[in-house]
Amino acid sequence: MPKALVVVESPAKAKTINEYLGRDFKVVASMGHIRDLPKSKLGVDIDEGFVPDYEAIPARKKVIKDLRDAARGVDRIYVATDPDREGEAIGWHLANELGKGRKVGRLFFNEITKTAVLNALKEERDIDLKMVDAQQARRVLDRLVGYKLSPLLWDKVRRGLSAGRVQSVALKLVCDRENEIDQFVSEEYWHLFAKLAGTLPPEFDAKIVKRGKQALKVTSEAEAKQVVSDLQHATFVVSAVAKKERKKQAPPPFITSKLQQTARFPVKKTMMIAQQLYEGIELPDEGAVGLITYMRTDSTRVADQAITDVRAYIAERHGDAFVPEKARHFRMKADAQDAHEAIRPTGMQYDPETLRPHLTRDQYSLYRLIWNRFVASQMSPALFDDTAVEVEAGDYLLRTKGSVQRFAGWLSLYQTEAETAADGEVPAAPATPADAPGDGDDGATSDLLPALSEGDRLELRGLDPQQKFTQPPPRFSEATLVKELEENGIGRPSTYASIIGVLQTREYAEKVDARFRPTRLGRLVIDLLAKSFKDILAVDYTRGLEEQLDKIEGGEADYRTMLGSFYKKFSTDLGEAAQTMPNIKIGGLPSDEVCDKCSSPMVIKVGKFGVFLACSAYPECSNTREVEQADQPAADEEPDACENCGKPMLVKRGRFGQFLACSAYPECKTTRKLIETKGGLTAAKPDQMLDEKCPKCESNLVVKQGRFGEFISCSNYPTCKYVKLKSTGVACPKDGGDVVERKSKRGRAFYGCDNYPKCDFTLWNRPLAEICPQCSAPYLVEKITKRSGRQVLCDNEACDYSRTEEAVPA
């Protein structure tokens with residue numbers, strides 16, 4: 001009979017910790033929160049000081065019963081929930097539910113290793129009620145905003161819409177960026193380079209940066225030609241040479257937001273994989289082992305023992321030259337919560353290559369990234385020899401800069417551009433482009449420059465004027481949106497994934513080429529809220545609320561005082577918005593469009609499928625139209641003509657998304673799919689009727705277009721669901737049927753019997769109608785890889801026949 005009960009959030013975490021504690025402990029999982037505010041009502045008593053009215057989560061009632069049963073008969077109860085506000089609140093709810101007069105201990109550890117868990121038992125603590133208050137304040141704030149603002153949008157716009165304290169600010173950032181793009185006016189500018197040669201090779205490029213004492217700004221081809229003309233007969237003389245050693249220090253180990261920005265996965269997936277690595281991976285002879293420290297942190301602090309261990313590892317693996325004289329300690333942001341360490345490996349014995357066979361591909365990729373970043377953070381700096389050269393040519397000044405790496409240092413292990421430009425981001429171009437010449441312009445850059453001295457004369461080998469145009473700021477990717485939220489103090493690292501998810505699930509923003517574009521609905525909602533709730537949508541105000549939550553956790557602010565101050569202003573704004581916000585449900589919003597049927601003005605309305613234009617003369621005229629948007633399919637091209645009546649096809653939206661419909665509706669009811677492809681939405685080709693008959697029902701076959709390309713099926717669909725599949729010419733070894741090419745749900749080709757589902761024979765590799773020369777198997781298979789090229793193999797596991805051939809074009 002166990003003497004103590006330990007409650008954690010997840011089964012994986014419970015399994016790992018149970019192996020460390022032994023038979024005197026029983027470790028169980030609560031599956032996250034067991035109590036929350038009710039969904040059916042506000043659940044906050046405002047008049048009594050914002051007291052939350054918690055109730056058991058319906059889906060957790062059986063879990064609560066099992067936890068109560070497990071708590072009977074044990075001498076001690078511990079909660080070992082995650083070491084953050086959310087984990088502290090979960091522990092508090094568990095203590096209230098299971099304690100019932102008994103003391104419940106809090107186990108606090110930053111990594112799930114045997115040493116950390118056993119030390120936590122020795123250093124048992126109480127639930128931190130200040131952390132609980134901070135979490136409750138956030139939960140109540142979010143509930144007040146969500147449950148007060150959302151009904152307002154239901155009344156004024158459409159049922160089912162939502163607004164949130166952090167979600168709405170994030171959406172406003174996306175909308176503001178789109179407004180910048182819409183208003184951006186591109187400007188022309190020129191870069192001018194001279195190819196020069198000294199007495200010794202190599203040749204090098206220098207950039208013209210000044211004319212006289214002023215920075216050179218060339219904005220037209222005529223100006224560029226004048227500069228070229230001036231320089232063609234000028235004398236080029238080296239006027240200054242400056243040499244210096246430059247050190248490039250490694251970035252600190254990951255905090256949550258930087259990991260989300262740098263990993264190659266979407267934010268939600270990054271956190272899911274990190275959770276798996278934290279909670280434990282099964283290793284031979286060791287059982288489940290937590291491989292990284294807690295993954296929700298904004299601190300760059302690292303434990304002294306971990307620093308000692310990694311410095312010893314660096315010396316052993318890379319050499320003493322790669323170990324700096326002193327251990328590196330990193331400065332933290334002013335608002336960082338220093339409750340946890342940075343994200344790092346839990347032990348230097350678990351190097352990525354050793355663990356690779358026991359990790360999935362995604363786990364290995366993320367773990368290797370975390371490992372390399374942590375190890376690099378304690379390595380010696382990279383050293384560069386930089387040479388800056390200035391050249392005078394008449395009234396012009398040219399600059400160039402050479403840089404040669406003298407010592408790789410940490411760059412031998414870890415290199416990423418994420419520290420300077422997350423996700424390959426291109427900086428937004430201002431009206432005066434950031435890369436245009438100016439006093440601070442370093443000029444051209446080169447890996448290597450020839451030996452030069454002041455007064456050297458150079459030979460002009462060519463002039464290269466380059467026309468450029470300023471570019472609008474790019475839309476946010478997941479990585480750059482996280483960076484923007486972090487820099488503006490909006491939300492916390494643990495909330496970024498859910499914020500991004502809500503924007504998409506509510507259809508306020510959509511991804512176009514992996515970047516967020518606000519939908520018409522998203523922009524409409526923000527425009528309405530911005531007029532009445534400037535505070536709620538203001539970045540500074542939201543940052544201030546986050547700081548207040550930090551003060552509550554630190555005991556410097558009071559839960560009720562903070563909420564009271566917020567609600568006083570919010571309730572006033574709410575009352576005014578109820579009176580002044582336009583009612584789109586009834587009257588719509590005015591537009592510049594005119595009804596093409598009755599010439600009445602069109603108004604903007606919102607339906608269950610999004611924003612649309614409706615005739616203001618309704619119900620006499622029921623004409624509706626999709627609101628035009630620049631990025632709609634073929635918006636800048638001639639609209640497709642209806643194949644039945646010749647009228648233009650229009651983009652419409654239904655419950656399954658956008659589609660093309662004939663503008664002559666209801667007289668013509670022709671519709672056509674819009675197919676999601678890598679290049680975005682594409683109009684499907686009209687069905688093409690064939691003379692060939694369906695072998696099942698004798699109807700004509702028809703060529704259709706799906707998201708994975710063209711296919712041939714019966715025109716009598718859905719009565720007849722026959723699809724003509726591409727034969728491989730190989731007979732099924734199970735029932736003699738024809739082995740045909742099929743597509744998986746994700747579009748990957750595989751091969752199976754055409755008698756499916758009666759026969760379940762399948763192959764991933766293409767079968768070939770060749771008898772194996774070694775074992776006489778009825779077919780061989782083709783396998784194509786980057787490393788080995790095209791291989792022909794026997795599919796019989798007992799036969800090792802194979803040959804390599806040149807790849808045959810598909």
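Because the structure is predicted, anything quoted here is derived from the model rather than measured.

Considering all chains together, one arrives at 11 aromatic pairs under this definition. Taking the centre distance of 5.3 Å and the plane angle of 15° together, the rings of phenylalanine 566 and phenylalanine 570 count as stacked. Remark: phenylalanine 570 and phenylalanine 566 occur in helix α18 (residues 559-580); sequence separation between them is 4 residues, near one turn of the helix. When sorted by exposure, phenylalanine 566 lands in the same class as phenylalanine 570, which is buried.

Next up on the list: the side chain of threonine 400. For threonine 400, the position within the fold is in strand β16 (residues 396-407). Exposure remark for threonine 400: the relative accessible area of 1% places this residue in the buried category. There is a polar contact of 2.8 Å between the side chain of threonine 400 and the backbone oxygen of aspartate 205.

Quick look at the pattern of salt bridges now. Per the stated rule, a full pass over the model turns up 50 salt bridges. As a salt-bridge pair, aspartate 69 and lysine 65 come within 3.3 Å of each other at their nearest N and O atoms. Of this pair, aspartate 69 and lysine 65 are both found in helix α2 (residues 61-71), 4 residues apart, which corresponds to roughly one turn of the helix. In this structure, aspartate 386 and arginine 246 form a salt bridge, with 2.5 Å as the shortest nitrogen-oxygen distance. With aspartate 386 in strand β15 (residues 382-393) and arginine 246 in strand β12 (residues 236-248), this residue pair connects regions lying 140 residues apart in the sequence. The exposure class assigned to arginine 246 is partly exposed, which follows from its relative accessible area of 27%.

This part covers the sheet that holds strand β1 (residues 4-8). Spatially, β2-β1-β7-β8 is the arrangement adopted by the 4 strands of the open sheet, whose pairing is parallel. The two strands at the open ends of the sheet, each matched to only one other strand, are β2 (25-29) and β8 (104-106). The average angle at which neighbouring strand axes cross in this sheet is 25°, direction not considered. By the bridge criterion, 3 bridges tie strand β7 (residues 76-79) to β8 in an arrangement that is parallel. Directly across from valine 79, in β8, lies its bridge partner arginine 106.

At a closest axis distance of 9 Å, the pairing of helix α10 (residues 304-318) and helix α12 (residues 361-377) adopts a crossing angle of 90°. Viewed along their axes, α10 and α12 adopt a mutual orientation that is roughly perpendicular. Each of Ala306, Val310, Tyr313 and Ile314 in α10 lies in contact with α12, whose residues at this interface are Trp371, Phe374 and Val375. A class-by-class count of the residues in the contact of α10 with α12 yields 7 nonpolar, no polar and no charged.

Our focus in this paragraph is the nonpolar core. Of all hydrophobic cores here, the largest spans 70 residues; its most connected members are Leu149, Leu529, Phe533 and Phe566. The biggest single contributor to this core is helix α5 (residues 129-156), with 9 residues. With sequence-adjacent residues up to four places away left out, phenylalanine 533 is seen in contact with Leu149, Leu152, Phe570, Asp573, Leu574 and Ala577. Counting 65 residues, the second-largest nonpolar core is a separate cluster that includes Leu21, Ala274, Tyr350 and Tyr367.

Right, let's talk about helix α6 (residues 167-183) for a bit. For α6, with 17 residues, the first-to-last C-alpha span of 24 Å sits near the 24 Å given by 1.5 Å per residue. Of the residues making up α6, those classed as buried are Gln167, Ser168, Val169, Ala170, Leu171, Leu173, Val174, Cys175, Arg177 and Glu178. Packed against the buried residues of α6 are α13 (478-487), α14 (496-505), β20 (515-518), α15 (520-532), α16 (534-537) and α17 (539-553).

Another aspect to go through is the pairing of β7. The pairing of β1 with β7 spans 4 bridges and is parallel. Its bridge partner lying in β7, leucine 5 is registered against isoleucine 77. After leaving β7, the chain enters helix α3 (residues 85-98) and then returns to the sheet as β8, a path that is right-handed.

Moving on: the pairing of strand β33 (residues 727-731). The alternating pattern of β33 places Thr728 and Val730 on a buried face, while none of Ser727, Gly729 and Ala731, on the opposite face, is buried. Note: β33 against strand β34 (residues 738-743), 3 bridges, orientation antiparallel. Of the residues in β34, the one forming a bridge with alanine 731 is aspartate 738. Where β33 folds back on β34, the antiparallel hairpin that results is connected by 6 residues, among which glycine 736 adopts a positive phi of roughly 80°.

Now for the environment of proline 151. Note on placement: proline 151 falls in helix α5. The spacing of proline 151 and leucine 291 is 140 residues in sequence and 45 Å in space, taken between C-alpha atoms.

The next point concerns the environment of tyrosine 396. Assignment of secondary structure puts tyrosine 396 in strand β16. For tyrosine 396 and phenylalanine 204, which are 192 residues apart along the polypeptide, the C-alpha to C-alpha distance reads 17 Å. Here the side chain of tyrosine 396 touches aspartate 230 through a polar contact of 2.7 Å, side chain to side chain.

The next point concerns the side chain of threonine 728. On the secondary structure map, threonine 728 appears in strand β33. A relative accessible area of 18% means that threonine 728 is categorised as buried. A distance of 3.4 Å separates a polar atom in the side chain of threonine 728 from the backbone nitrogen of valine 730. From its side chain, threonine 728 meets the backbone oxygen of valine 739 in a polar contact 2.7 Å long. The contacts of threonine 728, once residues within four sequence positions are left out, are Asp738, Val739, Val740, Tyr751 and Pro767.

For the rest of this paragraph, the subject is unusual backbone geometry. As a rule of thumb, non-glycine residues mostly have phi less than zero, and peptide bonds are mostly trans rather than cis. In this model, tyrosine 717 is joined to proline 718 through a cis peptide bond whose omega is 10°. Within the element layout of this structure, proline 718 appears in the loop between β31 (709-714) and β32 (723-724). Notably, aspartate 285 is not glycine yet its phi reads approximately 70°, a positive angle. Assignment of secondary structure puts aspartate 285 in the loop between β13 (281-283) and β14 (287-289). We classify aspartate 285 as exposed; its relative accessible area is 87%. At aspartate 513, a position not held by glycine, the phi torsion is positive, near 55°. Examined against the element boundaries, aspartate 513 turns out to sit in the loop between β19 (509-512) and β20.

With that settled, the discussion passes to the confidence of the model for the chain. Residues of the chain with pLDDT of at least 70 account for 91%, and the chain-wide mean is 87. A low-confidence stretch, residues 417-434 stays under pLDDT 50, and its non-local contacts, those more than four residues away or across chains, total 29 contacts. Low pLDDT (under 50) marks residues 630-636, which in the prediction has 12 contacts with non-local residues, meaning those over four places away or in another chain.

Pairing in this open sheet of 4 strands is antiparallel, and the strands run β37-β38-β39-β40 from one edge to the other. Sheet topology places β37 (766-768) and β40 (802-805) at the edges, where each strand pairs with a single neighbour. Each strand axis lies, on average, 30° off the axis of its neighbour in the sheet, ignoring direction. Across 6 bridges, strand β38 (residues 780-785) lies against strand β39 (residues 789-794) in antiparallel orientation. Counterpart to leucine 780 in the pairing with β39 is cysteine 794.

The rules behind these values
- Sequence order sets the numbering: in each chain, residues are counted from 1 along the sequence as written.
- The predicted origin of the model limits local features to residues at a pLDDT of at least 70 and limits the giving and counting of side-chain atom pairs to 80 or more, whereas totals for whole chains, interfaces and linings rest on all residues.
- Here the side-chain values reflect all heavy atoms present in the structure, with hydrogen atoms and water set aside.
- What counts as a ring pair is set by centres within 6.5 Å for rings of Phe, Tyr and Trp (its six-membered ring), and what kind of pair is set by the plane angle: stacked under 30 degrees, edge-to-face over 60, tilted for all other angles.
- Think of it this way: any DSSP run of H or I at least four residues long counts as a helix, any run of E at least two long counts as a strand, and we number them from the N terminus.
- Only protein chains enter the accessibility calculation, which uses a 1.4 Å probe. A residue is then buried if its area is under 20% of the maximum for its type, exposed if over 50%, and partly exposed in between.
- Polar contacts here mean pairs of N or O atoms no more than 3.5 Å apart (in protein, one a potential hydrogen donor and the other a potential acceptor; neighbouring residues in sequence count only if both atoms are side-chain atoms).
- Salt bridges, as used here, are contacts in which a Lys or Arg side-chain nitrogen is within 4 Å of a carboxyl oxygen on Asp or Glu.
- Only strands that DSSP links by at least two bridges are regarded as paired with each other.
- Axis definition: a line fitted to C-alpha atoms, over the contacting stretch in the case of helices. Angles run 0 to 180 degrees between N-to-C directions.
- Each angle receives one of four descriptions, namely roughly parallel if under 35 degrees, roughly antiparallel if over 145, roughly perpendicular if within 65 to 115, and oblique otherwise.
- Throughout, a contact is declared for two residues whenever any of their heavy atoms are within 4.5 Å.
- Each residue gets one of three labels, nonpolar for Ala, Val, Leu, Ile, Met, Phe, Trp, Tyr, Cys and Pro, charged for Asp, Glu, Lys and Arg, and polar for the others, Gly among them.
- The definition of a nonpolar core used throughout is a set of buried Ala, Val, Leu, Ile, Met, Phe, Trp, Tyr and Cys residues joined through side-chain atoms within 4.5 Å.
- What a helix should span is 1.5 Å times the count of its residues minus one.
- A crossover counts as right-handed when, viewed with the strands pointing away from the observer, the path leading from the first strand over the helix to the second turns clockwise.
- Confidence of the predictor in every single residue is expressed as pLDDT, which spans 0 to 100.

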